[in-house]
Protein chains: 4
Amino acid sequence: MGTLEGMSIDEPGEDCGAVTPRPLRRDAERNRQRILCAASEVLAERGLDATLDDVAHKAGVGVGTVYRRFPGKEALIGALFDDRLSSLVAIGERALAEPDPWTGLVSYLEAAAELLTADRALRQILMFTAFGRDQAARARAQLQPVVTRLVSRAQDAGCVRADLRATDVPFAVFMLAAAADYARPVRPATWRRYLALLLDSLPPARSATTPLPEPPLSPAEMQSAMQCGPVYLR
Amino acid sequence: MGTLEGMSIDEPGEDCGAVTPRPLRRDAERNRQRILCAASEVLAERGLDATLDDVAHKAGVGVGTVYRRFPGKEALIGALFDDRLSSLVAIGERALAEPDPWTGLVSYLEAAAELLTADRALRQILMFTAFGRDQAARARAQLQPVVTRLVSRAQDAGCVRADLRATDVPFAVFMLAAAADYARPVRPATWRRYLALLLDSLPPARSATTPLPEPPLSPAEMQSAMQCGPVYLR
Amino acid sequence: MGTLEGMSIDEPGEDCGAVTPRPLRRDAERNRQRILCAASEVLAERGLDATLDDVAHKAGVGVGTVYRRFPGKEALIGALFDDRLSSLVAIGERALAEPDPWTGLVSYLEAAAELLTADRALRQILMFTAFGRDQAARARAQLQPVVTRLVSRAQDAGCVRADLRATDVPFAVFMLAAAADYARPVRPATWRRYLALLLDSLPPARSATTPLPEPPLSPAEMQSAMQCGPVYLR
Amino acid sequence: MGTLEGMSIDEPGEDCGAVTPRPLRRDAERNRQRILCAASEVLAERGLDATLDDVAHKAGVGVGTVYRRFPGKEALIGALFDDRLSSLVAIGERALAEPDPWTGLVSYLEAAAELLTADRALRQILMFTAFGRDQAARARAQLQPVVTRLVSRAQDAGCVRADLRATDVPFAVFMLAAAADYARPVRPATWRRYLALLLDSLPPARSATTPLPEPPLSPAEMQSAMQCGPVYLR
DNA sequence: GATGAATGAGTATTCATTCAT
DNA sequence: GATGAATGAATACTCATTCAT
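Because the structure is a prediction, the values reported are computed rather than measured.

Participant: Help me understand the nonpolar core, please; the structure alone is not making it clear to me.
Facilitator: A general tendency of soluble globular proteins is for nonpolar side chains to be buried together. Counting residues in each nonpolar core, the largest one holds 135 residues, and the members touching the most others are Leu76(C), Tyr108(C), Leu76(D) and Tyr108(D). Setting aside anything within four residues of it in sequence, one finds Leu76(C) in contact with Ile35(C), Leu36(C), Ala39(C), Leu52(C), Val55(C), Val66(C) and Phe70(C). Ala121(A), Tyr182(A), Val151(B) and Trp191(B) belong to the second-largest nonpolar core, a separate cluster that totals 130 residues.

In structure tokens form, the structure reads like this:
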């Protein structure tokens with residue numbers, strides 16, 4: 001899980017950041033990462049009902065170690081959320097850096113959906129988990145201005161309908177993630193079909209139809225999706 | 001739950017009937033219905049994590065009775081699924097009865113999404129639960145022809161783009177359900193906003209933009225949704 | 001454990017009492033008694049730290065059964081407390097029935113200490129566990145008037161010093177129980193030695209010589225002690 | 001904790017000493033003292049359930065250091081016990097130095113009870129914890145002669161009943177500690193009331209009326225009680 | 001047939017103790 | 001020697017499922 005490896009490990013030299021109360025010992029940090037990776041994988045496989053024992057086993061550590069690094073299950077999931085949130089913010093900022101407003105918005109939707117699509121745990125976390133007041137606040141505080149700017153910039157350029165709002169964007173991403181959740185085991189890219197559909201509804205006055213890039217699921221694939229799809233039932 | 005009430009109850013004497021293993025005794029069938037109703041209500045409120053004791057209590061019977069009527073929790077949920085599936089088929093047939101093809105398709109999407117929106121467990125079931133081979137097959141067998149007809153009829157009438165497929169329809173419903181799952185505790189009708197958006201992308205060449213019928217969530221409502229939203233985390 | 005066997009089982013005929021919501025099924029009540037007995041024994045042996053699994057094992061039932069009958073560990077111990085409390089009240093009433101005031105007070109102290117002495121769990125419960133407000137209140141409400149009467153009656157008869165208070169009595173019992181706790185494995189009756197010593201300090205002759213230096217706890221303080229006292233229950 | 005501070009620290013160089021395995025390095029000894037102090041405070045507050053992590057934190061050292069200095073939790077508590085034992089012996093010796101035999105005995109009882117009263121863990125230790133054979137032996141070896149002398153001296157002076165024994169004294173202290181444990185959160189000095197009561201039963205005049213019914217524990221029995229007594233230490 | 005009592009594997013979490021850094 | 005990271009057995013409690021009444 002490349003995303004996790006590269007994050008939040010202070011390089012040996014740059015410890016002058018000084019915000020973190022104390023950098024973890026090398027091995028502790030390594031285990032922290034292992035735990036996050038394992039959590040991500042296990043949760044992706046078995047959903048949020050996965051046990052911390054499973055996570056610990058996958059990470060190759062004892063349960064106690066998980067509890068040493070995270071106050072509890074919810075906190076561990078919260079850490080995952082925080083990490084992914086940073087990625088989303090980065091995605092948003094890259095999208096804002098895009099000179100063309102339309103391309104910017106589209107690339108945000110695409111990259112955000114791609115991120116969610118690649119990680120089921122993240123979809124569940126973003127879509128279904130109630131978090132503590134502060135985490136939710138942080139998420140909003142970081143993402144909202146970026147997304148707001150993306151939308152209003154596109155509206156000012158006349159390429160997006162005037163009644164679209166910034167809060168519609170996460171909904172679009174959730175909806176795409178829901179589609180992805182369903183189709184992924186059969187044909188992972190299916191969600192792009194619905195992104196295209198969605199984009200078709202965005203221009204103030206649509207002129208030409210975009211041909212849908214992905215074929216629909218065949219009835220057989222559809223059935224197969226229903227059988228091996230995400231299991232939340234215990 | 002009207003659908004449940006109306007199920008045909010075989011008279012005690014005519015057990016010589018062909019396929020059905022044996023018609024239930026009058027009181028047994030009454031209990032079966034009570035259990036399904038109770039399950040429907042309890043699961044709609046609390047989702048799939050509701051306990052069978054809760055269901056039994058709500059139904060006014062003992063747990064043992066639930067197990068006498070259904071092999072287990074999954075089977076009970078499966079029966080609910082079947083019931084809802086019938087509702088969906090009925091919805092589809094009503095939509096087909098609609099003379100105008102476009103109105104027919106739209107009313108199907110609307111009614112199907114409405115059904116999912118009112119029942120949390122149903123959303124979870126449809127979106128996340130893997131069912132047995134036969135149930136999935138039955139679902140497909142019953143729904144697919146109806147939906148296929150709805151789509152092709154609309155395409156023949158020239159009011160829907162040619163590259164839309166029947167399997168896109170359940171995806172649309174799932175996506176709307178995902179939106180509903182998220183926004184429901186704050187503003188339950190929000191999903192209609194996204195149905196409108198979606199419909200805007202369906203015509204072969206869109207002429208006028210449909211004004212979105214529901215306002216978007218305010219940032220504050222958005223945050224509140226994140227806090228009290230569907231909790232799958234135990 | 002004879003005391004437990006005879007208690008709180010409604011005789012088949014006398015169900016007109018009607019206070020209890022519903023009499024337990026025969027087997028359920030039998031198991032309830034088994035659990036209480038086992039709890040009493042196990043707690044007596046291993047102290048309040050004994051696990052409910054131990055209790056269940058001793059009772060020959062599964063843990064779930066224990067939890068079906070009692071909401072949790074504390075509730076189980078509370079039930080034990082309630083049972084013993086009834087015994088104490090009965091002891092107090094027998095003591096009041098005694099015509100001679102001095103004999104009455106002495107027999108209460110003796111019988112109460114005997115009760116505590118025979119059951120270590122009870123000693124711990126009475127001495128160390130903080131219970132819910134209502135249980136403590138019930139204990140006080142039932143015992144206090146009886147004990148108050150025992151003391152004042154003896155004082156009126158001139159056989160007990162005037163500065164003794166009703167709240168001194170439970171303290172005496174606790175102190176004897178502490179002695180019993182210690183000496184029991186070696187010589188179980190040792191506490192009687194200290195009861196005799198204590199009784200020697202009660203006649204009024206002594207109060208002239210040494211007035212008691214600290215005021216006794218008021219009934220309200222006593223109750224407050226029962227509520228915030230040392231909690232050894234985990 | 002004055003007693004702890006004053007312990008003799010062998011100089012680094014003179015490790016050729018006889019019995020002591022090896023004098024600790026200066027800093028090691030300092031840590032040992034810090035740990036004992038911290039343990040004393042933490043245990044006094046929270047009782048024996050306090051964790052070693054708490055102790056280590058309070059002492060400003062790592063848990064590992066605690067384990068380097070003491071084999072385990074029980075050993076640490078044992079060391080505390082030893083320390084308190086020294087205090088008791090000192091108290092006893094001060095009491096013996098008292099010219100008046102009665103005052104001597106009373107001041108021992110008072111000071112000993114005061115010591116126990118101030119430290120919850122100590123109460124638990126003295127009253128409930130079974131210690132290793134050697135610790136109990138040491139306790140007896142050190143305390144018994146002092147207490148025996150205190151008692152017999154008072155008896156010789158004619159101010160204490162003849163049937164009192166040395167082993168009655170620790171029982172008196174335990175009983176007072178039990179009272180203290182109970183009343184402490186409400187009115188900490190309450191135990192003095194019961195000390196006064198107890199003292200009232202000691203003069204020889206009393207023994208004429210009621211000969212004590214049970215023999216006292218012999219010193220050997222006392223020791224045996226200390227070893228097999230109720231164990232609350234986990 | 002109905003009931004609800006009994007079961008016990010499973011879950012999150014804690015803490016004394018060990019061991020790598 | 002000191003540190004604190006890692007360990008995992010233990011504990012209270014839940015709930016789907018079975019079975020005696």
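The discussion continues.
Participant: Honestly, the protein's contact with DNA strand F in this entry has me stumped. Any pointers?
Facilitator: Taken together, 35 residues sit near DNA strand F, with Asn31(A), Gly62(A), Thr65(A), Arg68(A) and Thr65(D) positioned nearest. Take Arg69(A): an N or O atom from its side chain is 2.9 Å from a sugar or linking oxygen of DNA strand F. Within the contact set of DNA strand F, a phosphate oxygen lies 3.2 Å away from a backbone nitrogen or oxygen of Leu52(B). When residues of the surface near DNA strand F are traced back to their parent elements, those giving at least two are helix H2 (26–46) and helix H4 (63–69) of chain A, helix H4 (63–69) of chain B together with helix H2 (26–46) and helix H4 (63–69) of chain D. In terms of residue class, the surface near DNA strand F is built from 11 nonpolar, 13 polar and 11 charged.

Participant: What should I look at first to understand the packing of aromatic side chains in this one?
Facilitator: Aromatic rings considered in pairs are described by the distance between their centres and by the relative angle of their planes. Applying the stated criterion to the full structure yields 8 aromatic pairs over all chains. Taken together, a centroid distance of 5.0 Å and an interplanar angle of 25° make the contact between Tyr194(A) and Phe171(B) stacked. Taken as a pair, Tyr194(A) in helix H10 (residues 191–200) and Phe171(B) in helix H9 (residues 168–183) lie in two separate chains rather than in one. Both residues of the pair, Tyr194(A) and Phe171(B), belong to the buried class.

Participant: Would you explain the protein's contact with DNA strand E in this entry?
Facilitator: Neighbouring DNA strand E are 37 residues; Thr65(B), Asn31(C), Gly62(C), Thr65(C) and Arg68(C) lie closest to it. The backbone of Leu52(A) places a nitrogen or oxygen atom 3.4 Å from a phosphate oxygen of DNA strand E. Gly64(C) places a polar main-chain atom, nitrogen or oxygen, 3.4 Å from a base nitrogen of DNA strand E. Elements supplying a minimum of two residues to the surface near DNA strand E: H4 of chain A, helix H2 (26–46) and H4 of chain B, helix H2 (26–46) and helix H4 (63–69) of chain C together with H4 of chain D. Looking at the surface near DNA strand E, the element that brings in the most residues is H4(B), giving 5 residues. Here the surface near DNA strand E is built from residues that sort into 13 nonpolar, 13 polar and 11 charged.

Participant: Looking at this structure, I do not really get the pattern of salt bridges. What am I missing?
Facilitator: Pairing is possible between side chains that carry opposite charge, provided their charged atoms lie close to one another. The final tally for this structure, using the stated rule, is 30 salt bridges over all chains. Two residues, Arg193(B) and Asp168(A), come together in a salt bridge whose shortest N-O distance is 2.6 Å. Note that Arg193(B) is positioned in helix H10 (residues 191–200) and Asp168(A) in helix H9 (residues 168–183), a pairing that runs across two chains. The two residues Arg193(B) and Asp168(A) agree in class, both being buried. Notably, a salt bridge pairs Arg192(B) with Glu110(B), separated by 2.6 Å at the nearest N-O pair. Of this pair, Arg192(B) sits in helix H10 while Glu110(B) sits in helix H6 (residues 101–117), and the two are 82 residues apart along the sequence. Using a relative accessible area of 23% as the deciding quantity, one classes Arg192(B) as partly exposed. Here the residues in one salt-bridge network are Glu110(A), Glu114(A) and Arg192(A), joined through shared partners.

Participant: Where do I start with the environment of Leu43(B) in this structure?
Facilitator: All names here are of chain B. Mapped onto the fold, leucine 43 is located in helix H2. C-alpha separation for the pair leucine 43 and alanine 121, spaced 78 residues apart in sequence, amounts to 5.2 Å. Not counting residues within four places of it along the chain, the set of residues in contact with leucine 43 comprises Leu48, Ala50, Ile77, Leu80, Asp119, Arg120 and Ala121.

Participant: Sorry, what's going on with H2(C) here?
Facilitator: In an α-helix, one full turn covers 3.6 residues, which means residues spaced three or four apart are oriented alike. Residue and element names in this part refer to chain C. Compared with an ideal rise of 1.5 Å per residue, which puts 21 residues at 30 Å, H2 spans 30 Å between its outermost C-alpha atoms and is within 8% of the ideal. Looking only at H2, the buried set comprises Ala28, Glu29, Asn31, Gln33, Ile35, Leu36, Cys37, Ala38, Ala39, Ser40, Val42 and Leu43. Just past H2, the residue glycine 47 takes up positive phi, approximately 80°.

Participant: Help me understand the side chain of Arg84(C), please; the structure alone is not making it clear to me.
Facilitator: The residue Arg84(C) is located in helix H5 (residues 73–97) in this model. Polar side-chain contacts of Arg84(C) include one of 3.3 Å to the side chain of Ser40(C).

Participant: Looking at this model, I keep getting lost on the packing of helix H9 (residues 168–183) of chain D against helix H10 (residues 191–200) of chain D. Mind explaining?
Facilitator: Residues and elements named next belong to chain D. At their nearest, the axes of H9 and H10 sit 8 Å apart, and the two run at 150° to each other. Judged on the interaxial angle alone, H10 and H9 are roughly antiparallel. By crossing handedness, the relation of H9 to H10 is classed as right-handed. Together, Ala172, Leu176, Ala179 and Ala180 of H9 and Trp191, Tyr194, Leu195 and Leu198 of H10 make up the contact between the two elements. Its residues assigned to classes, the contact of H9 with H10 comprises 8 nonpolar, no polar and no charged.

Basis of the calculations
Residues numbered from 1 in each chain as written. Chains lettered and ligands numbered in written order. Predicted model: local features only at pLDDT ≥ 70, side-chain atom pairs only at ≥ 80, totals over all residues. Heavy atoms only, no water. Core = buried A, V, L, I, M, F, W, Y, C linked by side-chain atoms within 4.5 Å. Buried < 20%, exposed > 50% of the residue type's maximum accessible area, 1.4 Å probe, protein only. Contact = heavy atoms within 4.5 Å. Near = heavy atom within 4 Å. Polar contact = N/O pair within 3.5 Å; in protein donor to acceptor, adjacent residues only side chain to side chain. Helix = DSSP H or I, 4+ residues; strand = E, 2+ residues; numbered from the N terminus. Nonpolar A, V, L, I, M, F, W, Y, C, P; charged D, E, K, R; others polar. Phe/Tyr/Trp six-rings, centres within 6.5 Å; stacked < 30°, edge-to-face > 60°. Salt bridge = Lys/Arg side-chain N within 4 Å of Asp/Glu carboxyl O. Expected span 1.5 Å × (residues − 1). Axes fitted to C-alpha atoms, helices over the stretch in contact; angles between N-to-C directions. Parallel < 35°, antiparallel > 145°, perpendicular 65-115°, else oblique. Left-handed = near helix turned anticlockwise from the far one by under 90°.

Nothing here speaks to function; it is all geometry.
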